Amino acid sequence: MKLVSVVVPCYNEEDVLPMFYDEITKVTDGMTKQHPELTFEFLFINDGSKDKTLEIFHSLADRDKRVRYISFSRNFGKESGIYAGLKNAKGDYVVVMDADLQHPPAFLPQMYEYVKSGEYDCATTRRTNRKGESKIRSWFSMKFYKIMNAISQTEIVDGAQDFRFMTRQMVDAILDMSEYNRFSKGIFSWVGFRVKYMPYENVERPAGTTSWSFWGLFKYSLEGIMAFSTAPLAVASLLGIISCVVAFILIVFTILKAIIGFGETPAGYMTIICVVFLFSGLQLLCTGVLGQYLAKTYLETKHRPIYIAGETDETYRAKKQENEGK
Ligand code: UDP
Ligand code: MG
């Protein structure tokens, strides 16, 4: 028997969860029919939702033994949700997917075929278009992937997603990366293994809203760059070297001018102001970049937990049993 764990991070997903459950069970039932060796568990993560997500988990857990869940004590972000899911999944294979049906469950049978064949350790989808996304957002995404791949050794495939079907071996490798600042796209790529990218057309959410604002995505991309590249630190040094060279040339020029005495001494007041501004700006910028990395290091050294679980399906089921016993 082979157990497949389906990990689903959820944040305020009351509108789509019932739809998602119907879809996923339809697909997995079909898979079990075709491959009798397969069994499934559904591991939902409630990332501190403010709506009825947890209540829906309760009713799903009442209805279906295969449903497990972990409910965070507050919102920790999707990355923490994925980590908690991978850590608690018991499966020989683990699937990570969004609750909003933007990761169509219909891909699962094909993904399983790829991984089962032994040719791949991971099957994932790759968006071939960005339908339903604003032009500006697409442009920024494109630039992000360009910059990221230019300055980082870890390749981030444009359009690659967190929708993954993975072997236990790959999941264990990911769990070995216990860093606090988690950028999943980078982590999935960093661990390597043989990955099958399946092209697909972007689909829109059937219900609910995305929790990503433009500003949120922008900050997230900076996090990604900092987590997987130290190039910005090198840029700081490079700027420093360039300005030193320029300053040196200027000094030589000024001394020569004083000795040989060619040309008029210009008023130069504004020039000085400009140069002072430019270089103090550059210095602050570089200190800022340094500070960002230092801050990340600071957070890592604290070894804070990546998530804190409040309630789980185990505590819920135990409590229910206790109540029924009374
Ligand atoms: N999500 C989460 N915690 C968060 C934000 C999002 O667990 O703080 C989940 C969300 O419920 C969904 C998935 O991450 O299952 C993707 O979120 P969303 O659809 O908002 O992102 P998008 O598809 O626009 O990238
Ligand atoms: Mg989505």
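Just above sits the structure.
Residues numbered from 1 in each chain as written. Chains lettered and ligands numbered in written order. Predicted model: local features only at pLDDT ≥ 70, side-chain atom pairs only at ≥ 80, totals over all residues. Heavy atoms only, no water.

Asker: Mind showing me how you'd approach the pattern of salt bridges here?
Answerer: Pairing is possible between side chains of opposite charge, provided their charged atoms come close. One pass over the structure, following the stated rule, counts 11 salt bridges. Put simply, E41 and R68 hold a salt bridge, and the shortest N to O gap is 2.9 Å. Of this pair, E41 sits in strand β2 (residues 38-46) while R68 sits in strand β3 (residues 67-72), and the two are 27 residues apart along the sequence. Judged by its relative accessible area of 6%, E41 is buried. On the accessibility criterion, R68 (12% relative accessible area) is buried. Between D172 and R168 there is a salt bridge, with the nearest N and O atoms lying 3.1 Å from each other. You can see D172 and its partner R168 sitting in helix α6 (residues 168-176), 4 residues apart, about one turn around the helix. Owing to a relative accessible area of 34%, D172 belongs among the partly exposed residues under this scheme. Residue R168 is classed as partly exposed on the basis of its relative accessible area of 24%. What emerges from the salt-bridge pattern is a single network uniting D29, D64 and R66. (Salt bridge = Lys/Arg side-chain N within 4 Å of Asp/Glu carboxyl O. Helix = DSSP H or I, 4+ residues; strand = E, 2+ residues; numbered from the N terminus. Buried < 20%, exposed > 50% of the residue type's maximum accessible area, 1.4 Å probe, protein only.)

Asker: Can you walk me through the site of ligand 1 in this structure?
Answerer: In the vicinity of ligand 1 there are 16 residues, among which E13, D47, D100, Q102 and T210 approach most closely. In this structure, an oxygen atom belonging to ligand 1 sits 2.8 Å away from a main-chain N or O atom of P9. A distance of 3.1 Å separates an oxygen atom of ligand 1 from a polar side-chain atom of N75. Look at ligand 1: alone it shows 530 Å² of surface, and the protein chains cover 85% of it. When grouped by side-chain class, the residues that make up the shell around ligand 1 number 5 nonpolar, 5 polar and 6 charged. (Near = heavy atom within 4 Å. Polar contact = N/O pair within 3.5 Å; in protein donor to acceptor, adjacent residues only side chain to side chain. Areas by Shrake-Rupley, 256 points an atom, 1.4 Å probe, with all protein chains shown as cover. Nonpolar A, V, L, I, M, F, W, Y, C, P; charged D, E, K, R; others polar.)

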